[in-house]
Amino acid sequence: MTADLSSGTERLAAGRPAGEVLAWSRSMVAPALRRAVNQLPESMRVIAEYHLGWRDEHGNPVLENGGKAIRPAMVLLAAEPPPRSPPRWRWS
């Protein structure tokens with residue numbers, strides 16, 4: 001990441017704002033993660049939902065993003081192919 005100090009936001013090398021990348025990552029990971037957590041027994045589901053930031057310490061649902069998006073985003077970004085660059089040589 002490079003910092004764009006003039007606007008106070010961080011931008012990824014590809015030019016996408018970090019918030020956009022985190023939202024994209026959540027949209028890719030969250031549905032499958034929620035399906036998996038919903039299959040857990042109730043006692044384990046509550047613990048998993050708290051750990052993932054979906055519930056507070058009293059077991060109440062958390063409405064805003066509870067974090068836990070950086071690692072999945074990094075994994076998905078690492079799996080993206082690099083941008084295509086022009087060849088450094090030519091056949092004569």
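S.K.: Looking at this structure, how should I read the overall build of the protein?
M.R.: Within the protein, the secondary structure is distributed over three helices and two strands. Taken from N to C terminus, the helices and strands of the protein fall in the order β-β-α-α-α. Burial status across the protein gives 14% buried among its 92 residues. Partitioning the intrachain contacts of the protein with sequence separation of at least 6 by distance along the chain shows that 36% fall at a separation of at least 24. Accessible surface, the protein as shown: approximately 7800 Å² in total, 59% of it carbon and sulfur.

S.K.: Any chance you could explain the packing of aromatic side chains here in plain terms?
M.R.: Pairs of aromatic rings are described using the distance from one ring centre to the other and the angle between the two planes. Enumeration over the complete set of coordinates arrives at zero aromatic pairs. The ring of W24 carries R16 above its face, with NZ or CZ at 5.6 Å from the centroid. It is R34 that lies over the ring of W54; its NZ or CZ is 3.8 Å from the centre.

S.K.: How should I be thinking about the confidence of the model for the protein in this particular structure?
M.R.: For the protein, the average pLDDT comes to 79, and 74% of its residues sit at 70 or higher. Least confident of the elements in the protein is strand β1 (residues 2-4), whose mean pLDDT is 42; most confident is helix α2 (residues 42-51), at 93. Here residues 1-13 scores under 50 on pLDDT; set against residues more than four positions off or in separate chains, the count is 15 contacts.

S.K.: What exactly am I supposed to notice about the side chain of S25 here?
M.R.: If you trace the backbone, S25 turns up in helix α1 (residues 18-38). When neighbours within four sequence positions are excluded, S25 is seen to be in contact with A69, P72, A73 and L76.

S.K.: Before we go on, may I ask you to explain the environment of M28 in this structure?
M.R.: Structurally, M28 is set in helix α1. In this structure the C-alpha to C-alpha distance between M28 and A73, which are 45 residues apart in sequence, comes to 9.2 Å.

S.K.: I tried to follow a nonpolar patch on the surface on my own but got confused; where do I start?
M.R.: A contiguous nonpolar patch, built from L40, M44 and I47 and spanning about 270 Å² of accessible area, is present on the exposed surface. With respect to the element layout, M44 can be found in helix α2.

S.K.: Sorry if this is basic, but what is going on with the packing of α1 against helix α3 (residues 70-79) here?
M.R.: Helix packing geometry: the angle between the two helix axes and the distance between the axes. Packing of α1 against α3 leaves a shortest axis separation of 9 Å and a crossing angle of 90 degrees. Taken together, the axes of α1 and α3 lie roughly perpendicular to each other. Residue-level contacts link V21, L22, W24, S25, M28 and V29 of α1 to I70, P72, A73, L76 and L77 of α3. Here the residues of the contact of α1 with α3 are counted per class, giving 10 nonpolar, one polar and no charged.

Reading guide: rules and limits
Residues numbered from 1 in each chain as written. Predicted model: local features only at pLDDT ≥ 70, side-chain atom pairs only at ≥ 80, totals over all residues. Heavy atoms only, no water. Helix = DSSP H or I, 4+ residues; strand = E, 2+ residues; numbered from the N terminus. Buried < 20%, exposed > 50% of the residue type's maximum accessible area, 1.4 Å probe, protein only. Contact = heavy atoms within 4.5 Å. Areas by Shrake-Rupley, 256 points an atom, 1.4 Å probe, with all protein chains shown as cover. Phe/Tyr/Trp six-rings, centres within 6.5 Å; stacked < 30°, edge-to-face > 60°. Lys NZ or Arg CZ within 6 Å of the ring centre and 35° of its normal. pLDDT = per-residue confidence, 0-100. Patch = residues over 30% accessible without salt bridge, like charges linked within 9 Å, V, L, I, M, F, W, Y side chains within 5 Å. Salt bridge = Lys/Arg side-chain N within 4 Å of Asp/Glu carboxyl O. Axes fitted to C-alpha atoms, helices over the stretch in contact; angles between N-to-C directions. Parallel < 35°, antiparallel > 145°, perpendicular 65-115°, else oblique. Nonpolar A, V, L, I, M, F, W, Y, C, P; charged D, E, K, R; others polar.

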